[in-house]
Amino acid sequence: TGCKGRPETSFLDVLDETAVLVSSDHGEAFGELGGYADHQAADEATAHIPAVLRWPGVAPAVHDGLPYHLDVAATTLARAGTEPGRQWDGEAVEIGGPGRDHLVVSQGAWSCQRGVRWGDHLYLRTWHDGYHGHWADEMLFDVAGDPHETEDLTASSPDRTAEGARLLEAWTAEQLERSGLEDPLDVVRREGGPFHVRHHLGPYLDRLRATGRAQWADVLVERHADELG
């Protein structure tokens, strides 16, 4: 409620000079790639998050491009008349502008996977499946026509799959050259795999076999035999 009869929107008289951001650190899967109420992949369900920025004096508008979450900080600085530091990767988003050509996102906590999002498509490259036995090393989805990622298009769209792989290879090479560091996903794999599944394979195999899913246990044993020693 307001104060002394003033409407709620005028409380403390600061709304007209206050920027408000509504966002999130990640999305949530509800069946996509076999995940339920979790965020285990580098896919659309996990990486597509809200970013609603209300800025005093700026009319409402929608940006249809492909911004990174880190672009929000750069956009905020630009609105405030300040340039981001040269070490920043974020770019200010211009309403009506084209946005980025593609995005690359990484997952190293629940799996070792990177996703490339461009046009209507999502390419996924997986190095450790986080014990999702049905995940292939490469997957491709039309996230516009198939938002729940139910049909892998790698076999039917080899050229587009190869395009996603090229984008990922170029992005990775550029990032490693700029940073001079080792790829963090290589570090994760060398340390024993994604943190949240590390050392849990044995009990998970027992659970699969006890619940009528022994065929998936066999798949995981073949893929991750080195983790059972």
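The text that follows walks through the structure, step by step, so that each part is easy to find. This one's a predicted model, so the numbers in the text were calculated from it and none came from an experiment. (Residues numbered from 1 in each chain as written. Predicted model: local features only at pLDDT ≥ 70, side-chain atom pairs only at ≥ 80, totals over all residues. Heavy atoms only, no water.)

## A few points about the overall build of the chain
So, step 1. Counting secondary structure elements, the chain contains 6 helices and 8 strands.
So, step 2. Counting from the amino terminus, the chain carries its helices and strands in the arrangement β-β-β-α-β-α-β-β-β-β-α-α-α-α.
So, step 3. Dimensions of the chain, computed from C-alpha atoms along their principal axes, come out at roughly 65 × 45 × 35 Å.
So, step 4. Buried residues in the chain amount to 31% of all 229 residues.
So, step 5. When contacts within the chain are restricted to residue pairs at least 6 apart in sequence, long-range pairs at least 24 apart make up 50% of them.
So, step 6. Only carbon and sulfur atoms are counted for the fraction: they give 53% of the accessible area of the chain, which is about 14,100 Å².
So, step 7. Here the chain contributes 19 positive and 40 negative side-chain charges, whose respective centroids are spaced 4 Å apart. (Helix = DSSP H or I, 4+ residues; strand = E, 2+ residues; numbered from the N terminus. Buried < 20%, exposed > 50% of the residue type's maximum accessible area, 1.4 Å probe, protein only. Contact = heavy atoms within 4.5 Å. Areas by Shrake-Rupley, 256 points an atom, 1.4 Å probe, with all protein chains shown as cover. Lys, Arg positive; Asp, Glu negative; His and termini not counted. Charge placed at Lys NZ, Arg CZ, Asp CG, Glu CD.)

## Regarding the side chain of T126
So, step 1. With respect to the helices and strands, the residue T126 is situated in strand 7 (residues 121-128).
So, step 2. One polar contact links T126 to Q113, side chain to side chain, over a distance of 2.8 Å.
So, step 3. Leave out the neighbours within four places in its chain, and T126 touches C112, Q113, W135, A136, D137 and M139. (Polar contact = N/O pair within 3.5 Å; in protein donor to acceptor, adjacent residues only side chain to side chain.)

## Observations regarding the sheet that holds strand 7
So, step 1. Strand order in the open sheet formed by 4 strands is 5-6-7-8, with antiparallel pairing between adjacent strands. The open sheet has two edge strands, strand 5 (102-107) and strand 8 (138-142), and neither has a second partner. The average angle at which neighbouring strand axes cross in this sheet is 15°, direction not considered.
So, step 2. Along the sheet face, helix 3 (residues 158-179) touches strand 5, strand 6 (112-118), strand 7 and strand 8 and points at about 110° away from the line of strand 6. (Pairing = 2+ DSSP bridges. Axes fitted to C-alpha atoms, helices over the stretch in contact; angles between N-to-C directions.)

## So, the nonpolar core
So, step 1. One finds L66, Y68, L103, V104, V116, W118, Y123, L140, L153, L168 and W171 forming the largest nonpolar core, which totals 11 residues.
So, step 2. With residues up to four places along the chain from it excluded, the contact list for W171 reads Y68, V104, S106 and R114.
So, step 3. Within the second largest apolar cluster, 8 residues are counted, among which are L124, W135, F141 and V143. (Core = buried A, V, L, I, M, F, W, Y, C linked by side-chain atoms within 4.5 Å.)

## Considerations on the layout of surface pockets
So, step 1. Counted as a void, the second largest pocket has a volume near 270 Å³.
So, step 2. Lining the second largest pocket are 15 residues, and of these G34, Y131, H132, H134 and Y204 sit closest to its centre.
So, step 3. Of all elements in the fold, only strand 3 (36-38), helix 5 (201-210) and helix 6 (214-223) reach the threshold of two or more residues within the lining of the second largest pocket.
So, step 4. In terms of residue class, the lining of the second largest pocket is built from 6 nonpolar, 7 polar and 2 charged. (1 Å grid on protein atoms, 1.4 Å probe; cavity = no way out; pocket = protein on both sides within 12 Å on 5 of 7 lines; lining within 4 Å. Points joined across faces, edges and corners; volume = space filled by probe spheres on them. Nonpolar A, V, L, I, M, F, W, Y, C, P; charged D, E, K, R; others polar.)

## Digging into the pattern of salt bridges
So, step 1. All told, the structure shown has 8 salt bridges when counted by the stated rule.
So, step 2. Here E91 ties to R100 by a salt bridge, and the two come within 3.7 Å at their closest N and O atoms. (Salt bridge = Lys/Arg side-chain N within 4 Å of Asp/Glu carboxyl O.)

## As for empty space enclosed by the protein
So, step 1. One pass over the full model with this rule turns up 1 cavity of 30 Å³ or more.
So, step 2. Contributing to the lining of the largest cavity are A29, E32, L33, G35, Q40, A41, D43, T46, H132 and W135.
So, step 3. Per-class residue counts for the lining of the largest cavity are 4 nonpolar, 4 polar and 2 charged.

Read these as geometric descriptors, not functional statements.
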